Amino acid sequence: MKNPVAIAVSWIGAYLVLILLPLLILLLYPPTSNEQRSFWLEFSVALGFIGLAMMAMQFALTARINRIEASYGIDLILQFHRYTSIVAFFFILAHPLILFIDNPQTLQLLNFIQAPWRARMAVIATLALVAIIVTSIWRKELKIPYEPWRTAHGILAVIAVGFGLGHALGVGNYLGLFWKGVLWTGIALIALWLLIYVRLVKPWLMLKKPYLVETVIPHQGNVWNLVLRPRGHEGIRFQPGQFAWLTLEISPFRMREHPFSIASSAENSERIEFGIKAVGDFTNTIKDVKPGTKAYLDGPYGVFTTDLYENTAGFVFIAGGIGITPIMSMLVTLAERDDERPLLLIYASKTWEDITYREELEALKNTLDLTIIHVLREPPEEWSGETGYIDKELLERYIPKRPATRNYFICAVPKMMDQVEVALHELGVPVTNIHMEHYNLV
Ligand SMILES: Cc1cc2nc3c(=O)[nH]c(=O)nc-3n(C[C@H](O)[C@H](O)[C@H](O)COP(=O)(O)OP(=O)(O)OC[C@H]3O[C@@H](n4cnc5c(N)ncnc54)[C@H](O)[C@@H]3O)c2cc1C
């Protein structure tokens, strides 16, 4: 199956089948006991089953499985992960709440000292889930740094799903013994495999393909280009605009990695360059990285690439600040491929001095049919170009008169991307022609 829409739809179909499978088996093989069970009891159990299956599926959604990722892009998958986790949370929470209302005697199961293990496991799983939801939605407000949050997130997820499965098996009231065994063992094994794959197999594969830092080049806008060379292998083949997770100096097993768009040409996988803006703990250290330092890459990922739109008449790029990096990769690749299509870059920066890759972009005009419009928030006095923010009026002045003939790539801070997306829609650009890369995954 080559059609990308059909592939994307079939992944959603597979997801629905997998989360509804426990319910289906429950319907096909109803409980064998003779006891009279109320509708609400059955309903609450059904919600619990679906919620647990959805939680187990989160391991697949976050395992960066290339085939799934290539259909949607990682930001969309993580958004799906966020929303489905919240839905699963409410299903799982509704499961005991309905039970307690239907049969208040079941409230005794909350007595942690006296309750049977299957109930204790449910309480632990639910508490882990509450902790996951609270720390994920309000991570920034709670001032939890990304790295410890991510470690805790993984541990809590294993507890929530592990104890949830333990609870489902412990209750044992549902499904014929055989099917119950097959189903939950299967789910547990898949979740375990995904965990092993992410924690051990992937880092091991990365360890076998190291890179060495060749040099670090300073650029305007507090940006440092980290140049890597593959050591003992050919390097990753990527499409311009894609990104990779970078680990520096430490073993990939420690999983302290950061995502960065590749800024260099996709025609040269032997010299991979990242443009990194110093904004925090990790990115502030880039300028001091010594040549010869070991690096590891997990990638490439992403669907933000001109390569997927070969038949378009031309491209419009809209960048804000460090959002220029994937666009730089697309431009240098198009230049190396002698692409002759018209290209427009609308690039927002704070000041003239802040414009990252200003000279390099200017030089690309010699090989490409490239128009560059700089938009400055704090322009110098003599500036006669565009100022302020990129809005509908500004876009209307520059984008082609028949806007649907181009594909548009936007990479900037979320607020700017949202505004530009709305403005492009209003100017008649179809939704299928607008592509965005989000730098704020979490
Ligand atoms: C697809 C993608 C491509 C990116 N490309 C570039 C690029 O080309 N150039 C560039 O300068 N920046 C890029 N970024 C942003 C870059 O990943 C963050 O600026 C960097 O990870 C911040 O780390 P820090 O420790 O220096 O800052 P911190 O102050 O620790 O973090 C600042 C914010 O960055 C995010 N962040 C921090 N650590 C991680 C992590 N390990 N994984 C994911 N997000 C994290 C969190 O939202 C955090 O609140 C990209 C992000 C994504 C998602």
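Residues numbered from 1 in each chain as written. Predicted model: local features only at pLDDT ≥ 70, side-chain atom pairs only at ≥ 80, totals over all residues. Heavy atoms only, no water.

For the chain, the helix and strand inventory stands at 11 helices and 12 strands. For the chain, the residues scored as buried account for 49% of the 442 residues in total. Of the contacts made within the chain by residues no fewer than 6 positions apart, 73% connect residues no fewer than 24 positions apart. Approximately 22400 Å² of the chain is accessible, and the part contributed by carbon and sulfur atoms is 62%. Positive and negative charge centroids in the chain, built from 38 and 40 side chains respectively, lie 9 Å apart. (Helix = DSSP H or I, 4+ residues; strand = E, 2+ residues; numbered from the N terminus. Buried < 20%, exposed > 50% of the residue type's maximum accessible area, 1.4 Å probe, protein only. Contact = heavy atoms within 4.5 Å. Areas by Shrake-Rupley, 256 points an atom, 1.4 Å probe, with all protein chains shown as cover. Lys, Arg positive; Asp, Glu negative; His and termini not counted. Charge placed at Lys NZ, Arg CZ, Asp CG, Glu CD.)

What follows concerns the environment of His 258. By the secondary structure assignment, His 258 is in strand E4 (residues 258-261). Judged by its relative accessible area of 19%, His 258 falls in the buried class. The sequence separation of His 258 and Leu 27 amounts to 231 residues, and the corresponding C-alpha distance is 45 Å. Not counting residues up to four positions away in its chain, the partners in contact with His 258 are Glu 147, Ala 244, Trp 245, Leu 246 and Phe 282.

Attention now goes to the domain arrangement of the chain. Here the chain is described as being made up of domain 1 (4-205), domain 2 (211-301) and domain 3 (306-436). Taking only C-alpha atoms, the centre of domain 2 and the centre of domain 3 are 24 Å apart. Taken residue by residue, the interface counts 18 residues in domain 2 and 21 residues in domain 3. Both sides of the domain 2 and domain 3 interface together cover about 1500 Å² of buried area, and 53% of this is carbon and sulfur. (Domains from an automatic or database assignment. Buried area = accessible area lost by both parts, 1.4 Å probe.)

Relative to the elements of secondary structure, Ser 85 occurs in helix H4 (residues 74-102). Overall, Ser 85 belongs to the buried group, its relative accessible area being 11%. Polar side-chain contacts of Ser 85 include one of 2.6 Å to the backbone oxygen of His 81. (Polar contact = N/O pair within 3.5 Å; in protein donor to acceptor, adjacent residues only side chain to side chain.)

Taken in spatial order, the 6 strands make up an open sheet running E4-E3-E6-E1-E2-E5, and their pairing is antiparallel. Both edges of this open sheet fall to E4 and strand E5 (272-277), since each of them pairs with a single strand only. Between one strand and the next, the sheet's axes are offset by a mean angle of 40°, whatever the strand orientation. Both strand E2 (residues 223-230) and E5 contribute to a ladder of 6 bridges, which runs antiparallel. In the sheet register, Asn 225 faces E5, and the bridge partner there is Gly 275. (Pairing = 2+ DSSP bridges. Axes fitted to C-alpha atoms, helices over the stretch in contact; angles between N-to-C directions.)

This part covers the UniProt feature "transmembrane region" (unreviewed entry) in the chain. Per the UniProt annotation, the sites labelled "transmembrane region" (unreviewed entry) are residues 7-29, 41-62, 83-101, 121-139, 151-175 and 181-200. Across residues 83-101 one finds 100% helix and 0% strand; the C-alpha atoms that close the span lie 27 Å apart. (UniProt positions renumbered as here; feature names shortened; annotations may be inferred.)

Along the polypeptide, Arg 406 turns up in the loop between helix H10 (392-398) and strand E11 (407-411). One buried charged side chain, Arg 406, makes no salt bridge at all; its nearest oppositely charged neighbour is Asp 369, positioned 7.6 Å away. Each residue touching Arg 406, except ones within four places of it in the same chain, is listed here: Thr 312, Ala 313, Gly 314, Phe 315, Val 316, Pro 342, Pro 400 and Asn 433. (Salt bridge = Lys/Arg side-chain N within 4 Å of Asp/Glu carboxyl O.)

It is the contact of helix H5 (residues 117-137) with helix H6 (residues 146-171), at a shortest axis distance of 8 Å, that shows an interaxial angle of 150°. For the element pair H5 / H6, the angle class is roughly antiparallel. Crossing hand, H5 versus H6: left-handed. Residues Arg 118, Ala 119, Met 121, Ala 122, Ile 124, Ala 125, Ala 128, Leu 129, Ala 131, Ile 132, Thr 135 and Ser 136 of H5 form the contact with H6, whose own contacting residues are Trp 149, His 153, Leu 156, Ala 157, Ile 159, Ala 160, Phe 163, Gly 164, Gly 166, His 167, Gly 170 and Val 171. Residue composition of the contact of H5 with H6, by class: 16 nonpolar, 7 polar and 1 charged. (Parallel < 35°, antiparallel > 145°, perpendicular 65-115°, else oblique. Left-handed = near helix turned anticlockwise from the far one by under 90°. Nonpolar A, V, L, I, M, F, W, Y, C, P; charged D, E, K, R; others polar.)

Within strand E6 (residues 294-301), 6 of the 8 residues are buried, which leaves the element mostly enclosed by the surrounding structure. Looking at chain direction, strand E1 (residues 211-219) and E6 are connected through 2 bridges and run antiparallel. Opposite Tyr 211, over in E6, you have Ala 295 as the bridge partner. As judged from the 5 bridges shared by strand E3 (residues 243-248) and E6, these two strands associate in the antiparallel manner.

This part covers the site of the ligand. Neighbouring residues of the ligand: 25 residues in total, closest Glu 257, Pro 259, Lys 277, Thr 283 and Thr 325. Tyr 439 places a polar side-chain atom, nitrogen or oxygen, 3.4 Å from a nitrogen atom of the ligand. When the ligand sits alone it has 880 Å² of accessible area, and the protein chains cover 87% of it. Elements represented by at least two residues in the shell around the ligand include exactly H6, E3, E4 and E5. Broken down by element, the residue count for the shell around the ligand peaks at 4 residues, all from E4. Class assignment of the residues belonging to the shell around the ligand gives a composition of 12 nonpolar, 7 polar and 6 charged. (Near = heavy atom within 4 Å.)

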